[in-house]
Amino acid sequence: MTDQPAAAGPPLPQGPPSTRIDKWLWAVRLVKTRSDAAQACRGGHVRVNDKPAKPAAAVSAGDEVRVRLHGTTRVVEVAHVIEKRVGAPIAQRCYVDNTPEPTVAAPPQAFAAPPRRDRGTGRPTKRDRWQLERLRREGPF
């Protein structure tokens, strides 16, 4: 029997003690291309240890990385530093995902349709207009 758990998979590739943040984001497959990673850094969407990161910022094991992409913020902790892109199962073992669960927003309220007037009934009276304005202001509930 081996000391490693069966879910560990193949060994992680050797990497340097630190590397550029744009290379690491691309290598662990958090972004599609390295230029996307650099653009996200330049746009202020990447933070390393709660500080804004430029593309050349160094990242090492134990650092916390926050990346805002496509309207969601991912919070990951660097577990292993790699520079070359690897397969998805190995890449997922190079970081610990600490992203909080998305909060569930309240479902949108269903508004009742405004009352319809029959054709040919003429102009609304002053009382009808007041009621319509009150509905528009306060809503049906």
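Residues numbered from 1 in each chain as written. Predicted model: local features only at pLDDT ≥ 70, side-chain atom pairs only at ≥ 80, totals over all residues. Heavy atoms only, no water.

1. Quick word on the overall build of the protein
- In terms of regular secondary structure, the protein is built from four helices and seven strands.
- Taken from the N to the C terminus, the helices and strands of the protein come in the order β-α-α-β-β-β-β-β-α-β-α.
- Per-residue burial over the protein gives 25% buried out of 141 residues.
- Once local pairs closer than 6 in sequence are excluded, the contacts in the protein between residues at least 24 apart make up 50%. (Helix = DSSP H or I, 4+ residues; strand = E, 2+ residues; numbered from the N terminus. Buried < 20%, exposed > 50% of the residue type's maximum accessible area, 1.4 Å probe, protein only. Contact = heavy atoms within 4.5 Å.)

2. Topic: the sheet that holds strand E2 (residues 46–48)
- Pairing is antiparallel across the open sheet formed by five strands, whose spatial order is E3-E2-E5-E6-E7. The open sheet has two edge strands with one neighbour each: strand E3 (51–52) and strand E7 (95–97).
- Where E2 lies against strand E5 (residues 64–69), three bridges are found, and the strand directions are antiparallel. Each bridged residue has a counterpart across the sheet, and for Arg47 the counterpart in E5 is Arg66. (Pairing = 2+ DSSP bridges.)

3. Side note on the nonpolar core
- Within the largest apolar cluster, 26 residues are counted, with the highest numbers of intra-cluster contacts made by Ile21, Trp24, Leu25, Val28, Leu30, Val46 and Val65.
- The set of elements that each furnish at least two residues to this core consists of helix H1 (21–27), helix H2 (34–42), E2, E5, strand E6 (72–78) and helix H3 (88–92).
- With four residues, H1 is the single largest residue contributor to this core.
- Ignoring any residue separated from it by four or fewer positions in sequence, one finds Trp24 in contact with Thr19, Leu30, Val59, Val65, Val76, Val78, His80, Val81, Ile82, Cys94 and Tyr95. (Core = buried A, V, L, I, M, F, W, Y, C linked by side-chain atoms within 4.5 Å.)

4. Section: the packing of aromatic side chains
- One pass over the full model with this rule turns up one aromatic pair.
- Ring geometry for Trp24 against Tyr95: centres 6.4 Å apart, planes inclined by 75°, an arrangement best described as edge-to-face. Note that Trp24 is positioned in helix H1 and Tyr95 in strand E7, a separation of 71 residues in sequence. (Phe/Tyr/Trp six-rings, centres within 6.5 Å; stacked < 30°, edge-to-face > 60°.)

5. Let's talk about the pattern of salt bridges
- For the structure shown, the criterion picks out six salt bridges.
- Note that Arg20 and Asp22 form a salt bridge whose closest N and O atoms lie 3.1 Å from each other.
- By relative accessible area, Arg20 is classed as partly exposed at 32%.
- If you follow the salt bridges from partner to partner, you end up with Arg20, Asp22 and Arg34 in one network. (Salt bridge = Lys/Arg side-chain N within 4 Å of Asp/Glu carboxyl O.)

6. Some remarks on the confidence of the model for the protein
- With 84% of its residues at a pLDDT of at least 70, the protein reaches an overall mean of 84.
- Per-element mean pLDDT across the protein ranges from 83 in helix H4 (residues 126–138) up to 95 in H1. (pLDDT = per-residue confidence, 0-100.)

7. What to know about H2
- For H2, the complete set of buried residues consists of Ala37, Ala38, Ala40 and Cys41. For H2, the buried positions fall inside an angular range of 160° around the axis, keeping them on one side. Exposed residues lying more than 90 degrees from the buried face of H2 are Gln39 and Arg42.
- Elements in contact with the buried residues of H2: H1, E2 and E5.
- Of the residues flanking the end of H2, it is Gly44, one or two places downstream, whose phi is positive at about 80°. (Arc of directions from axis to C-beta.)

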